[in-house]
Amino acid sequence: MFKRARIAAKSAARRSAFARRVLAALLVASLLPAAASSVEARDPLLAYGARIVGDDARTRIVIDFDREPRFSVHYIVNPERIVVDLPATAFGFPAKDLAARGLFKDIRYGKMDEESARIVLTTAGPVKLALAKVQADETGNGHRLVLDAEMIDKKAFVELVKTQSWSDRSEGAQTTSAIPAPQKAAPGDFIIAVDAGHGGIDTGAIGVDTKTEEKQVTLAFAKALTDRLNKEPGIKAFLTREDDEFLSLSQRVLIARQNHAGLFISLHADTLKQKDIRGATVYTISDKASDKLAADLAERENLSDQIAGKETVAEPPEVADILLDLTRRETQAFSISLAESVLNSFKDQVGTINNPHRHAGFRVLQAPDVPSILLEIGFLSNAEDEKLLLDEAWRGKIAGLLTDAVKRYRAAVMANGG
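Keep in mind the model is a prediction, meaning the values are calculated, not measured.

(A) Representation of the overall build of the protein chain. Regarding its fold elements, the protein chain presents 10 helices and 15 strands. Element-wise, carbon and sulfur atoms account for 55% of the exposed surface of the protein chain, whose accessible area totals about 21800 Å².

See the structure below:
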């Protein structure tokens, strides 16, 4: 009897195990379509074609997508812009196919973050979209977004802005969700925020020969510098952006402050009308620009948020606080010290422009408690500089020299009890 019981128990156990295996297989099979759908949902849209026609009274934009896009439209003043928000999108058409004309004096498009993209249409005056719709194309294999813009008076445009049901996400909400941070930072580590200028929809300057975008150049240099700094004991560096993503100017500052950075280094490679000017420049913040070149550059860099279709928000008035003012003065002195250390490293190693330390009101350098510099590594408008900016060996050399400058700066601060 015991033998039969053991045999029955083993048989039941085998049936139970088989049943569990079948159930597991069924569960996996049932999850496969959902998983596939999830992967598919993460695939970006492809915008593979674009065209623009019309004049300064009415202008039409058509963009071809591989599948139906969801979109929303918003209007912004100062300056007047139309913002078209999309899910993650890869823009695969030539830039010339959507060159500004008619009612539009500037058209930008690109990535905002991992899940969204944006088209920003800067208008020549008050404009509204009389038509904004998605329709299937003739082949039935894709969809197109059709935008018909027409002139309106300024009062009507202001009313459009006031009545639309949209407000931009707060800076804090965008930043605190996934703040880059230094890896394995220990107590006492000297933390440095390395900021790759531009990104996403904000391409920055364009190379004179290769048409390389500034945002690509700055990210390559930022990664090289971060890697080099992290080889030094007691120094931990991190990137404000790690890929082709847009960050507002205030987000960049906030990321540095929330990570308790002791330094903030913002990297750029601008263009100038004077193609013969070349070499590096180091900028620090000041209420008054040192010269017209610095003033013009600060004005262009401070337009980054507008390029990305962000509303112009008035800065809140600072509370009159003598301690805050003293902090800013001390931070500015440290920023100047860092700038001088960088230029000492570059001496006889890297070409610089005349008067290579300049200053102006850069919004990205406005942290009151983080010494900050903006480094123009070179100019993409100069063919010789452009060659160097795209040279991996040159990036390595610059990263080494900047690391030497940071080490000297840190040693001086530590010697003074900092």
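Let's pick the thread back up.
(B) Representation of the packing of aromatic side chains. Under the counting rule described, the total for this entry stands at 7 aromatic pairs. Pairing Phe-93 with Tyr-109 gives two aromatic rings, centres 5.1 Å apart and planes at 50°, and the pair type is tilted. Of this pair, Phe-93 sits in the loop between β5 (89–91) and β6 (104–113) while Tyr-109 sits in strand β6, placing them 16 residues apart in sequence. Across the pair, Tyr-109 and Phe-93 agree in class, each one buried. What links up through ring pairs into an aromatic cluster is the set Phe-91, Phe-93 and Tyr-109.

(C) Spatial organisation of the pattern of salt bridges. What the rule picks out here adds up to 25 salt bridges. Here Asp-64 makes a salt bridge to Arg-144, at a shortest N to O gap of 3.5 Å. Of this pair, Asp-64 sits in strand β2 (residues 58–65) while Arg-144 sits in strand β9 (residues 143–151), and the two are 80 residues apart along the sequence. The same class applies to Asp-64 as to Arg-144, namely buried. Where salt bridges share partners, they join Arg-51, Asp-64, Glu-138 and Arg-144 into one cluster.

(D) View of the environment of Ala-186. As for its position among the elements, Ala-186 is in the loop between α3 (171–176) and β10 (190–196). The exposure class of Ala-186 is partly exposed, given its relative accessible area of 38%. The spacing of Ala-186 and Gly-234 is 48 residues in sequence and 8.1 Å in space, taken between C-alpha atoms.

(E) Looking closely at the sheet that holds β9. In space, the 5 strands of this open sheet follow the order β5-β1-β2-β9-β8, with mixed pairing throughout. The open sheet terminates on both sides in strands that have one partner only, identified here as β5 and β8 (127–136). Geometrically, the sheet is characterised by an average inter-axis angle of 25° between neighbouring strands, direction not taken into account.

(F) How the structure looks around the side chain of Arg-118. For Arg-118, the location among the structural elements is in strand β7 (residues 116–123). Among the polar contacts made by the side chain of Arg-118, one reaches the main-chain carbonyl oxygen of Ala-308 at a distance of 2.9 Å.

(G) Representation of the nonpolar core in the model. In terms of nonpolar packing, the biggest core is built from 40 residues, with Ile-192, Val-194, Leu-267 and Phe-346 touching the most fellow members. Every residue in contact with Ile-192, bar those within four places of it in the chain, is listed here: Leu-229, Ile-235, Lys-236, Ala-237, Phe-238, Leu-263, Ile-265 and Val-406. With 27 residues, the next largest nonpolar core counts Ile-63, Ile-82, Leu-98 and Leu-103 among its residues.

(H) Highlighting helix α6 (residues 292–301). Of the positions making up α6, those classed as buried are Ala-294, Leu-297, Ala-298 and Glu-301. Burial along α6 is one-sided: seen end-on, the buried residues are contained in an arc of 100°. Structural note: α6 exposes Lys-292 and Glu-299 on the side pointing more than 90 degrees away from its buried face.

Rules behind the numbers
Residues numbered from 1 in each chain as written. Predicted model: local features only at pLDDT ≥ 70, side-chain atom pairs only at ≥ 80, totals over all residues. Heavy atoms only, no water. Helix = DSSP H or I, 4+ residues; strand = E, 2+ residues; numbered from the N terminus. Areas by Shrake-Rupley, 256 points an atom, 1.4 Å probe, with all protein chains shown as cover. Phe/Tyr/Trp six-rings, centres within 6.5 Å; stacked < 30°, edge-to-face > 60°. Buried < 20%, exposed > 50% of the residue type's maximum accessible area, 1.4 Å probe, protein only. Salt bridge = Lys/Arg side-chain N within 4 Å of Asp/Glu carboxyl O. Pairing = 2+ DSSP bridges. Axes fitted to C-alpha atoms, helices over the stretch in contact; angles between N-to-C directions. Polar contact = N/O pair within 3.5 Å; in protein donor to acceptor, adjacent residues only side chain to side chain. Core = buried A, V, L, I, M, F, W, Y, C linked by side-chain atoms within 4.5 Å. Contact = heavy atoms within 4.5 Å. Arc of directions from axis to C-beta.

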